[in-house]
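Listed below are the residues making up each chain.
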Protein chains: 2
Amino acid sequence: MSRRILGVDIGGTSIKLGAILVEERPRVVAKDVVEAPASRDPGSALDETAASLERLVARAGWPRAEGVGVGCAGLVRRDGTLAYSPNLPGWAGVPLKDGLEMRTRLPVRVDNDANAFALAEWRWGAARGMSDVVFLTLGTGIGGAFLAGGRLVRGVSGFAGEPGHATLVLDGAPCACGNRGCAERYVGNKDLVEAARRHPEFADDALLRGLREPRDLSLAAERGSRVAAFVLAQAGRALGGLLVTLVNAFDPELVVVGGGVALAGDRLLDPARAHLAERSFVARHGAVRVAAAALGSEAGLLGSAGLVLEESFATAG
Amino acid sequence: MSRRILGVDIGGTSIKLGAILVEERPRVVAKDVVEAPASRDPGSALDETAASLERLVARAGWPRAEGVGVGCAGLVRRDGTLAYSPNLPGWAGVPLKDGLEMRTRLPVRVDNDANAFALAEWRWGAARGMSDVVFLTLGTGIGGAFLAGGRLVRGVSGFAGEPGHATLVLDGAPCACGNRGCAERYVGNKDLVEAARRHPEFADDALLRGLREPRDLSLAAERGSRVAAFVLAQAGRALGGLLVTLVNAFDPELVVVGGGVALAGDRLLDPARAHLAERSFVARHGAVRVAAAALGSEAGLLGSAGLVLEESFATAG
C-alpha cells in the first residue's frame, strides 16, 4: 500500500519540506525550502510552510496528503508545542501542531528532529529491526535519541534525548544551553572548523584553503594534511568520551552516527571506536557496534514523514 | 496477601541475606551476612549463602519461601550469570541463578543491585507510581538504574545503567573500569574521604579526627569544619555535573539518590541541585526534582526480594 505524506524538518537555518511517497521504502517526490526561520516571525514562517505544502501536493500530482509529520530542533512538548530551541530563540512556546493543523487542515504530528532521524534509520536505515540503539546526529550541535527495549526514551515532558549536552569536561568550554563542557562543544561543526583554524600550522597548510565544513577536513586528511588528521582524531576521541557515557548507560546493540559532521567518516569514527573499546567496560562485555547512518542527508525529512505512519516506536507514549 | 521471599544482596565486602515478609509493605523478619565474598571461592560462598537461607526460613518460622531474589553489583546477564564486577574480580562468569537454584531448589531471580534498589524505591519508597525516574546509589562506586516510560532500561545484554562510569572529566582520574574521569571518581566514598585528607587544612581540623565515611564529613560540616564543607560542596558540584548529563538524556520526574554517600544529605545534594538548575536546559524547562532515597540501608535487600514479585518493572524483558 502506498501512502502520501508531507514531511517538514525545522532547523535553525532552514525549514525543509517534502512530499514523500512511502511504499516499501520512502521516496521524496517533490521538495522545497523555507529559508531562515530563526530570523522571522514564526506565524509568517508557518503561513509560508503551509502554502508550500499545498504546492508540493499539486506538484506531486496527489489528490491530497494523509498527514503532515514535523521534526523540529529543540525541546518539543508532547502536545506539539516547541518549548525551547537554542537555534530558534524566537520560537519558544510556538504551538507547531495546532498552528499547522489550522493552516493545512490535515492531521499533524510533531517531534524532536533527532527522534525523527532515529525513526527513519530504524524503519529504513542502519538500525532496522533493532530494539536497543543510540542515535546521534552530529551537526552544528549534537542531537540524539535513545531506543531502549523497542521504545523511544521520551521523558516526563517529552524532552529526553539530548546527549550533545552531556557534561564531557566538567567546567569546560561554555555552551549556549547554559552548561559548560558539553559534548557538542568538542565535536560540533563549528568547533571542528575553529579547532583547525586555531592550529599553529593552519596558515601554512595549503590543503585547508577554503575550509568550510568537517567533510573538507576529511578530504584534506586523505591528501596528507596533518592539521586535518589531528583535528579529526581529537574530535573523534571526544566523541568516544561521549560514547563511553552513552554505551555504559544504555548497553545498545548499535550506535548510529549521522549528520553533517559524520560525513568526515572513519577518520572521525575510528578514533571514537578505539576510545570506546578501550574505555567502556560495557562495550568490552557487551555487543555494541558504531556505524554511520544509512539514509544520508534526507534522513530527517523521511523521518518526519515517518511520524505519520502508524505503529512507529516514536509515536508511542 | 502476604508473601514470603528470600532476599540476597551481593556486594564486594559482604553478602547480605534476609527473610522478607511482604504484606502492604515489606519487612525483614530475619537476616544474616556472609562476609568477604570477593576473597573467597564463589562456589563455597554460594554454599554458605544457601545454608544461611535455609536457616533464615527456619528462624522466620516459615514452612518454606516462595523464591529467592538476588541483587548483585556488576554486569549481570539476562540469564542470571555475572559477566563482570569490578568489586568481585574472581566471580566473572559465575552462574548465580543456576548455582542458587541448584542449591536451594527454589526459583531464583537475579539482577543488578542498583536495579533491585530502584525496584524497592519505586514500589515502596520515594518513586512510588512514577514512570520516568533516574536512580543513583552513591557508595564505593556509583550504581544506577533508569526507569523510562514505566520500564527499566536494560540494554541488549542486560548491562545498561552504569552512570558511575559516565565520562565527567575527559582524560581525568583513572578508574578501575578502564576509563578515565568517571563520575564515581569524584563522588565515591573513598574519593571524598581522600579529598578531605589531601586538603592542606586537614591536619589542623580537630572535627575530622577519626574521619571514615562521608557521613562523618556531614557531621563535621554541621559543626563548622571548613574542610568538610568544601569537600562536600565540591563533590556535590561533581554530582551535579553527572545529573546534568542524566537529566538531559532522560528528562525524569525525579532523581532518587541513595547509598552510603547520600547519608551526607543536603550538604551534598543542595550543591548538586544548584548545579543542575543552573546547567541543564532540560531541568529548566522540565519538571525534575532531586530527592534522597526513602528506604535507607535496607533498600537493596528489599529490592532483591522485590525481584520475585510479579508485575515488577524490573522483571520486564
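Residues numbered from 1 in each chain as written. Chains lettered and ligands numbered in written order. Predicted model: local features only at pLDDT ≥ 70, side-chain atom pairs only at ≥ 80, totals over all residues. Heavy atoms only, no water.

Draft legend 1. Region of the structure containing the pattern of salt bridges. All names here are of chain A. Using the criterion set out here, one finds 32 salt bridges over all chains in the structure. We note a salt bridge from arginine 154 to aspartate 111, for which the minimum N-O separation is 2.6 Å. Taken together, the positions of arginine 154 in the loop between strand S10 (151-152) and helix H4 (184-187) and aspartate 111 in strand S7 (residues 108-112) put the pair 43 residues apart, joining distant regions of the chain. On the accessibility criterion, arginine 154 (12% relative accessible area) is buried. (Salt bridge = Lys/Arg side-chain N within 4 Å of Asp/Glu carboxyl O. Helix = DSSP H or I, 4+ residues; strand = E, 2+ residues; numbered from the N terminus. Buried < 20%, exposed > 50% of the residue type's maximum accessible area, 1.4 Å probe, protein only.)

Draft legend 2. Highlighting the sheet that holds S10(A). All names here are of chain A. One open sheet accounts for five strands, arranged S10-S9-S8-S11-S12; its pairing is mixed. Both edges of this open sheet fall to S10 and strand S12 (289-292), since each of them pairs with a single strand only. When strand S11 (residues 254-258) meets S12, the two strands line up parallel, connected through four bridges. Looking at the pairing, valine 257 lines up with alanine 292 of S12. Relative to the sheet, helix H3 (residues 113-123) contacts strand S8 (133-138), strand S9 (142-148), S10 and S11, its axis offset from that of S9 by approximately 55°. Of the strands in this sheet, S8, S9, S11 and S12 touch helix H7 (residues 226-250), which is tilted by about 155° from S8. (Pairing = 2+ DSSP bridges. Contact = heavy atoms within 4.5 Å. Axes fitted to C-alpha atoms, helices over the stretch in contact; angles between N-to-C directions.)

Draft legend 3. Main features of the relation of the copies chain A and chain B. For the pair chain A and chain B, the superposition axis carries a translation of 0.0 Å, the fit reaches an RMSD of 0.0 Å, and the rotation angle comes to 180°. Here the copies are linked by what is in effect a two-fold axis. (Least-squares fit on C-alpha atoms with pLDDT ≥ 70 in both.)

Draft legend 4. Broad picture of the interface of chain A and chain B. Taken together, the contact pairs 50 residues of chain A with 50 residues of chain B. Of the roughly 4000 Å² buried where chain A meets chain B, counting both sides, 57% is carbon and sulfur surface. On the surface where chain A and chain B come into contact, there are four salt bridges. One salt bridge in this structure joins Asp171(A) and Arg279(B), with 2.9 Å as the shortest N-O distance. Taken together, the links from chain A to chain B amount to 30 residue pairs in polar contact (both at pLDDT 80 or more). (Buried area = accessible area lost by both parts, 1.4 Å probe. Polar contact = N/O pair within 3.5 Å; in protein donor to acceptor, adjacent residues only side chain to side chain.)

Draft legend 5. Here's a closer look at the sheet that holds strand S9 (residues 142-148) of chain B. All names here are of chain B. In space, the five strands of this open sheet follow the order S10-S9-S8-S11-S12, with mixed pairing throughout. Both edges of this open sheet fall to strand S10 (151-152) and strand S12 (289-292), since each of them pairs with a single strand only. Sheet strands in contact with helix H3 (residues 113-123) are strand S8 (133-138), S9, S10 and strand S11 (254-258), and its direction is about 55° off that of S9.

Draft legend 6. Local environment of the environment of Leu100(A). Residues and elements named next belong to chain A. Mapped onto the fold, leucine 100 is located in helix H2 (residues 96-104). Relative accessible area serves as the criterion here: at 0%, leucine 100 is assigned to the buried category. Distance in space between the C-alpha atoms of leucine 100 and aspartate 47 is 8.4 Å, their sequence separation being 53 residues.

Draft legend 7. Local environment of the environment of Arg64(B). Residues and elements named next belong to chain B. Along the polypeptide, arginine 64 turns up in the loop between helix H1 (42-60) and strand S4 (67-72). Residue classification places arginine 64 among the exposed positions, given a relative accessible area of 51%. Sequence separation between arginine 64 and arginine 4 is 60 residues, and the spatial gap between their C-alpha atoms is 7.8 Å. Dropping the residues within four chain positions of it, arginine 64 is found in contact with Arg4, Val57 and Leu106.

Draft legend 8. The arrangement of the pairing of S8(B) in detail. Residues and elements named next belong to chain B. Within S8, six of the six residues are buried, which leaves it mostly tucked inside the rest of the structure. Residues Val133, Phe135 and Thr137 of S8 are buried on one face, and the alternating residues Val134, Leu136 and Leu138, pointing to the opposite face, are buried as well. Linking S8 to S9, which pair antiparallel, is a turn of three residues. Across five bridges, S8 lies against S11 in parallel orientation. Within S11, the residue paired with valine 134 across the bridge is valine 255.

What is shown is where atoms sit, not what they do.
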